[in-house]
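# Coordinate inspection notes
Chain by chain, the residues run as shown.
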Amino acid sequence: MVEWTDFERDTIKKLFENMNYEEVGPAALARCLVVYPWTQRYFGNFGNLYNAVAITTNPLIAKHGTVILHGLDRAVKNMDNIKETYAELSVLHSEKLHVDPDNFRLLSDCLTIVLASKLGKAFTGDIQAVFQKFLGVVVSSLGKQYH
């Protein structure tokens, strides 16, 4: 079980309360697909993903990026039980979709970069550490079924 300080809980809550999901989610997913092109194989039915412009303007990518961020709301609301919260999603991604669990980490890194670019100097080292701790727990939970 992960221990969360009051500062960490408050920081995560504030980050998500102030986050523009429709902007950050699509940007993070698009960045992941551009920077790590092998991750595109899970999105073959999303149409043209042949270059960065096609990916960043693809409405299906944008929609799924937003869905991913809204999926993180579940972790924000259940910070004391993230692994159980994502148990079903872990099974889906491992057994049905066969997603490489390392892709969750790659996406979380891209999400951190996008959020840092949006927040600028307000994204301090302490805030980044808390955000990455949170995402690390989510990534571990999503990869739970693989272990």
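Below, the structure is looked at part by part.

The rules behind these values
All chains use their own residue numbering, which begins from 1 and follows the written sequence. Only residues with pLDDT of at least 70 get local features here, since the model is predicted, and only at 80 or more are side-chain atom pairs given and counted; chain-wide, interface and lining totals rely on the full set of residues. The side-chain quantities take in all heavy atoms of the structure and omit both hydrogens and water. The helix count covers DSSP runs of H or I at least four residues long, the strand count covers runs of E at least two residues long, and both are numbered beginning at the N terminus. Exposure is judged per residue with a 1.4 Å probe applied to protein chains only, and the accessible area is read against the type maximum: over 50% gives exposed, under 20% gives buried, and values in between give partly exposed. Surface accessibility follows the Shrake-Rupley procedure with a 1.4 Å probe radius. Residue values consider only the protein chains on display as shielding. Centres within 6.5 Å make a pair out of two Phe, Tyr or Trp rings, where for Trp the six-membered ring is used; the pair is then stacked when the planes are under 30 degrees apart, edge-to-face when over 60, and tilted otherwise. In this scheme, Lys NZ or Arg CZ marks a charge over a ring once it lies within 6 Å of the ring centre and within 35 degrees of the ring normal. To estimate the expected span of a helix, count its residues, drop one, and scale the result by 1.5 Å. In the sections that follow, a salt bridge refers to a side-chain nitrogen of Lys or Arg positioned within 4 Å of a carboxyl oxygen of Asp or Glu. Among the buried residues, those of types Ala, Val, Leu, Ile, Met, Phe, Trp, Tyr and Cys that are joined through side-chain atoms within 4.5 Å form a nonpolar core.

Helix and strand content of the chain: eight helices and zero strands. Moving toward the C terminus, one meets the helices and strands of the chain in the order α-α-α-α-α-α-α-α. Per-residue burial for the chain yields a buried fraction of 42% across its 147 residues. Carbon and sulfur atoms form 56% of the exposed surface of the chain, whose accessible area is close to 8300 Å².

Our focus in this paragraph is the packing of aromatic side chains. Evaluation of the coordinates by the stated rule reveals seven aromatic pairs. Summarising the aromatic geometry, the rings of Phe123 and Phe131 are spaced 6.3 Å apart at their centres and angled 80 degrees between planes, so their arrangement reads as edge-to-face. We note that Phe123, like Phe131, is buried. Connected via pairs of aromatic rings, a cluster forms that spans Trp4, Phe16, Tyr21, Phe123, Phe131 and Phe134. The residue whose ring lies beneath Lys133 is Trp4, and the NZ or CZ to ring-centre distance is 4.8 Å.

Moving on, we come to helix α8 (residues 125-142). For α8, which comprises 18 residues, the first-to-last C-alpha distance of 25 Å matches the rise-based estimate of 26 Å (1.5 Å per residue) to within 8%. Those residues of α8 that sit buried are Ile127, Val130, Phe131, Phe134, Leu135, Val137, Val138, Val139, Ser141 and Leu142.

Right, let's get into the pattern of salt bridges. Applying the stated criterion across every chain yields a total of six salt bridges. Between Glu17 and Lys13 there is a salt bridge, with the nearest N and O atoms lying 4.0 Å from each other. Of this pair, Glu17 and Lys13 both sit in helix α1 (residues 6-17), four residues apart, which is roughly one turn of the helix. On the basis of relative accessible area, Glu17 is assigned to the exposed category, the value being 53%. One salt bridge connects Lys118 with Glu23, and the closest N-O pair in it is separated by 2.6 Å. Within this pair, whereas Lys118 is found in helix α7 (residues 102-119), its partner Glu23 is found in helix α2 (residues 21-35), the two being separated by 95 residues in sequence. A relative accessible area of 42% means that Lys118 is categorised as partly exposed.

Moving on: the nonpolar core. Side chains of a nonpolar character, in soluble globular proteins, are inclined to be buried together. One finds Ile12, Phe16, Phe131 and Phe134 to be the most contacted residues of the largest nonpolar core, which totals 41 residues. Looking at this core, the elements that each hand over two or more residues are α1, α2, α4 (59-77), α7 and α8. Broken down by element, the residue count for this core peaks at nine residues, all from α8.

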